Structures are given as C-alpha cells and as structure tokens.
Amino acid sequence: MAEIIAGVGTSHVPAVGAAIDHAKGDQPYWAPFFDKIAPAREWMAQAKPDVCIVVFNDHASAFSLELIPTFALGVAQTFQPADEGYGPRGVPAAEGHPQLAWHLAESLILDEFDITIANKMPIDHGCTVPLSVMYDQPEAWPCKVIPLCVNVIQYPAPTGNRCYNLGKAIRRAIDSWPGDERVAILGTGGMSHQLQGERAGLVNVDFDLAFMDRLVSDPAGQAQVDHTEYLREAGSEGIELVMWLIMRGALDEQVREVYRAHHVPTSNTSNGLIILENAANDPITAPLTEAA
Amino acid sequence: MNADSPERAPSDREPREYDDIPGTYVFDGQHSRLGYALNMFCMSLNEADNRDAFAADPGGYLDRFDLTAEQRAAIEERKWLEMLQLGGNIYYTFKLAIFDGLSMQQVGASMSGVTFEEFSQMMIDGGRSADGNRYQHEWDGN
C-alpha cells in the first residue's frame, strides 16, 4: 500500500519565491533564512517522496468571490502556475497524480468530507513557494503534486478540528490505496502575520513556537483553538495555520520532529518550517542541524 | 435602506466577537457583501488584457463594475486602508498594488500610517508585537 512518509509544515511567503526566482538568496536580508532551510532541502533530497499532497490556500488566483470552496482537491494531470498580477511565476508546472487524486476524492467524500473536485486549478504562490522552499529550482518538480486548496480568506475558514480530522481521513485514503507511492504531505501558510489594516505587521513568535510544540505533542488540543484566538494572537492571516493541522492529522499520533526552523521576518511574515516523521518508522536521514 | 444594498454602511455591522481586535477587518460575510464589486474589480487585474485595458482607460474600466462612489474614489486615490473599510480584502486589493508596482510592505506602511522605511525597519526588528495590540481598548486613548 501507499505510505505517508512524513509531514512538512512551511510558510508560503511570496517574497521567498521571488527571492529564489531572482537569485537573491545570498543577499544579507535573505541569507540567514536560506541557511535555516538548507537542512530541510537536504532532508527532502534524501526522502524523495513520489507524491506531495500540498495543502495550501488560493489567494484570489484560481478562485474569486464567485465561488468559494472550503476544500478543493486537484485531480488534474497538470497544474499551471497562476498569474497573480505579475505574470505567472517562472517555475515548472506541477504534474498531478490523477489516479491517486481521484481515489482521495472518492475516499474522502465517502468518508463524509464533502470536498470540491477541481479539474482545472492554476496554483499560486501558496502551492508553488513551498515546492521552491523544499526543492529550490529544479527543471521539473521531482514529485507528483496533489494540491488541496483550503479557503482561509473568506471568513470562516474551516475549524482547526475539521482540518485535523480531514488529515486523518486523508491518511485512511492513502492507507487504502493499492499503489506503492511514498507520499509526503505539506501543510502550508502562516506563521503569525497580518497583512491588512492599521495592525499590519503583527508577529507573535511566542504563539508560533507554542503552535509548533503543540503540533508535535498535542495536536488534538491545538485543533480546539478557535478562529478568534488565531486572529487576535497570530494576526488576520495567521489563521492559515489551520492548514498545518491537516498535515498533522495524516501522521501517526506519535511523531518525531526531525527539523524546525523559524525566522523573522520574511516580508511581513514570521516564517516557520517543521518536518515530522512517524515515530514508529526508522528515521529517513541522519539527524539534521542548522548550518553554523 | 435595503440590507443588501451596496450603499450599506460599515457601521451597520452586526457585532462579532472578533470586532474588538484593533486595526483588523475580518473578511466575514458582512464585509464580503459590502466589497463584492470592489474585490471583483481587483481580481480582474489577474488577466493581462484587463491590466492593459485598465491602464489605457482607468475611468472607463471602472465603469464596468458596480462600485459605490466611495469605493470608486478610494480606488482612484489609492486609499489602501479605506478600501478595506469599504469591504475590500487585502489579497484582492493587493492586485491593484501589484498593478502599481507596490510591495506588500509599502501597502502595509500606508495602511498603518507610517513610512515604508519605518514599516520595513519594524519588521526587521521583529514585527509589531502582539502585546498592546490584542484589544481595541488597548489602543483607545493613545
């Protein structure tokens, strides 16, 4: 059967994508951030998942206010980078995995998660930046991609608990797939940030680090945190963190934290990254440490 | 006034528990209804042909959307904070900022009433602390 080999939580800040696209990684502003994510790239190069399920939110790219699906699963053969107003990012199109994606759709819906099925869904920075964070600039993404788009822009986003339980249903779907794919699941967005209003620029590092701690050791507890607390403590856009709970739900109850990075700022955002493996499995890599 | 009229004023909001978060416009249903045309105008700028049309004839292009006079003026004068107050969502209004060649930090500076240099330095220094910025009453009287 297919296997979930790991979960990754990562921010999906567009400025990070732009820094990669325009070779700014060595600049003083960016170098400390890229030093911190280097071990995650090393892990990814060794883990070599066949498929990445990328849980992200669209930012007025594929979906407008005309239609606002809470959960939209991409079943297409290919997903093109979206034009967010600058012209599309110069990154490879993502190759989908329609057979597995359709299995996920069927399994999730019969498991009472009424997701929307998307045959055409351009992917914006929410999906492409995490791929760049983990893979840098390959000619083609070295994995197949199943995008799972979550509405977090139009209030209310799905609850943390709903997201956590959706992750568990994704796990059941992967466990029941007869293929032998090794699957990683990426929960993206966050961490604390507020782009809008007079309170723009809010960062709450204490919240972010506590979130990562609880994601590892008490995800069911973290899943009970309500929207108002995210809005107040992590900023209006910090609510994206509920998407990390989908990733966490797809893992075993006991996980091993193999890497964590945190950096302020990337643009207007507190940036976090965490890699989790199921504790019952052998470690994928030797222990990772941040470059000195 | 009809509750669904685009003329509906922001002050007509039904209260929500997050309303006491200062300087924050939660994009809920009430807000979304108010800002539908404004946000859909912004969304249209995802398409290169529309960007060209807007650049060539801003007034004529805005005529295509059912904007209130206030929304139209806020767009024309690039009042980023006011656009939010009139129902805009930052991910949508940012499409207009992209059109203008602005960064999110420049828009953030405008919305929070500081210079770009001040805003950018605040982020480098660790961002705006949550302390003192959680509740409206912490801002009142300042």
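Residues numbered from 1 in each chain as written. Chains lettered and ligands numbered in written order. Predicted model: local features only at pLDDT ≥ 70, side-chain atom pairs only at ≥ 80, totals over all residues.

## Concerning the overall build of chain A
To be explicit about the condition: Numbered from the N terminus, helices here are DSSP runs of H or I no shorter than four residues, and strands are runs of E no shorter than two. When we talk radius of gyration, it's over C-alpha atoms, and the globule rule is simply 2.2 Å times the number of residues to the 0.38. For the exposure call, what matters is how many other C-beta atoms sit within 10 Å of a residue's own: 20 or more marks it buried, 12 or fewer exposed, and in between partly exposed, using C-beta atoms placed from the backbone.
Counting its regular elements, chain A contains nine helices and 11 strands. Computed over C-alpha atoms, the radius of gyration of chain A comes to 17 Å, within 12% of the 19 Å expected from 2.2 N^0.38 for 292 residues, which places it in the range of a compact globule. In terms of overall dimensions, chain A has a C-alpha envelope of 50 × 45 × 40 Å along the principal axes. In chain A, buried positions account for 58% of the 292 residues.

## Quick notes on the interface of chain A and chain B
How we decide: Contact criterion: two residues are in contact if their C-beta atoms, reconstructed from the backbone, are within 7 Å. Under this grouping Gly is polar, as are all residues other than the nonpolar Ala, Val, Leu, Ile, Met, Phe, Trp, Tyr, Cys and Pro and the charged Asp, Glu, Lys and Arg. Two strands are counted as paired when DSSP detects at least two bridges linking them.
On the side of chain B, 42 residues touch chain A, which itself brings 33 residues to the contact. Breaking the side of chain A that touches chain B down by element, the ones donating at least two residues are strand 9 (202–203), helix 8 (227–234) and strand 10 (255–266) of chain A. Considering every element that reaches the side of chain A that touches chain B, the biggest residue donor is helix 8 of chain A, with four residues. Partitioned by chemical class, the residues of the side of chain A that touches chain B number 12 nonpolar, 15 polar and six charged. Note that strand 9 of chain A and strand 1 (residues 128–129) of chain B share two bridges and pair parallel. Within the sheet, the bridge partner assigned to Val203 of chain A lies in strand 1 of chain B and is Ser129 of chain B.

## Digging into unusual backbone geometry
Residue and element names in this part refer to chain A. For the bond running from Tyr155 to Pro156, omega is -5°, close enough to zero to count as cis. You can see Pro156 is positioned in the loop between strand 7 (144–150) and helix 5 (160–175). Cis peptide bonds are those with omega within 30 degrees of zero, and the linkage from Gly190 to Met191 qualifies with -5°. By the secondary structure assignment, Met191 is in the loop between strand 8 (182–188) and strand 9. Backbone geometry at Asp136 places phi at a positive 65°, although glycine is not the residue there. Turning to its location among the elements, Asp136 is positioned in the loop between helix 4 (125–135) and strand 7. By C-beta crowding, Asp136 is classed as partly exposed, having 15 other C-beta atoms within 10 Å.

## Description of the domain arrangement of chain B
Residues and elements named next belong to chain B. As a reminder, the rule being used: Source of the domain bounds: an automatic or database domain assignment.
Taken domain by domain, chain B holds domain 1 (23–101) and domain 2 (103–142). Relative to domain 2, the C-alpha centre of domain 1 lies at a distance of 23 Å. Taken residue by residue, the interface counts four residues in domain 1 and four residues in domain 2.

## A closer look at the environment of Tyr135 of chain A
Relative to the helices and strands, Tyr135 of chain A resides in helix 4. Taking the C-alpha atoms as reference points, Tyr135 of chain A and Tyr164 of chain A, separated by 29 residues in sequence, lie 26 Å from one another.

## Some words on the packing of helix 1 (residues 29–44) of chain B against helix 6 (residues 90–100) of chain B
Working note: a packed helix pair is described by the angle between its axes plus the distance between those axes. Residue and element names in this part refer to chain B. Worth spelling out the cut-off: Each axis is a line fitted through C-alpha atoms, taken for helices only over the stretch in contact, and angles between the N-to-C directions span 0 to 180 degrees. These descriptions rest on fixed angle ranges, namely under 35 degrees for roughly parallel, over 145 for roughly antiparallel, 65 to 115 for roughly perpendicular, and the rest for oblique. Handedness of a crossing is defined here by the sense of rotation of the near helix relative to the far one, left-handed for an anticlockwise turn of less than a right angle and right-handed for a clockwise turn.
As a packed pair, helix 1 and helix 6 sit with axes 8 Å apart at the nearest point and diverge in direction by 45°. One finds that helix 1 runs oblique with respect to helix 6. For the pair helix 1 and helix 6, the sense of crossing is left-handed. Counted together, Asn39, Cys42 and Met43 of helix 1 and Tyr92, Thr93, Lys95 and Leu96 of helix 6 form the full contact between these two elements. Taken together, the residues of the contact of helix 1 with helix 6 sort by class into four nonpolar, two polar and one charged.

## Brief notes about the packing of helix 2 (residues 31–47) of chain A against helix 4 of chain A
Residues and elements named next belong to chain A. Between helix 2 and helix 4, whose axes approach to 7 Å, the crossing angle comes to 85°. Of the possible angle classes, the one that applies to helix 2 and helix 4 is roughly perpendicular. Across the interface between the two elements, Ile37, Ala40, Arg41 and Met44 of helix 2 pack against Val133, Met134 and Tyr135 of helix 4. The class makeup of the residues in the contact of helix 2 with helix 4 is six nonpolar, no polar and one charged.

## Digging into the environment of His31 of chain B
Residue and element names in this part refer to chain B. Positionally, His31 belongs in helix 1. Here His31 falls in the buried class, since 23 other C-beta atoms lie within 10 Å of it. Taking C-alpha positions, His31 is 8.6 Å from Asn89, a pair spaced 58 residues apart along the chain. When residues no more than four places from it in sequence are discounted, the contact partners of His31 are Tyr25, Val26 and Gly87.

## Overview of the nonpolar core
Note the cut-off: A set of buried Ala, Val, Leu, Ile, Met, Phe, Trp, Tyr and Cys residues, joined to one another through C-beta atoms within 7 Å, is what we call a nonpolar core.
Ranked by internal contacts, the top residues of the largest apolar core, which has 123 residues, are Ile53, Val55, Ile185 and Met243 of chain A. Here this core takes seven residues from helix 5 of chain A, the largest share from any one element. For this core, the two domains that each supply at least three residues are domain 1 (23–101) and domain 2 (103–142) of chain B.

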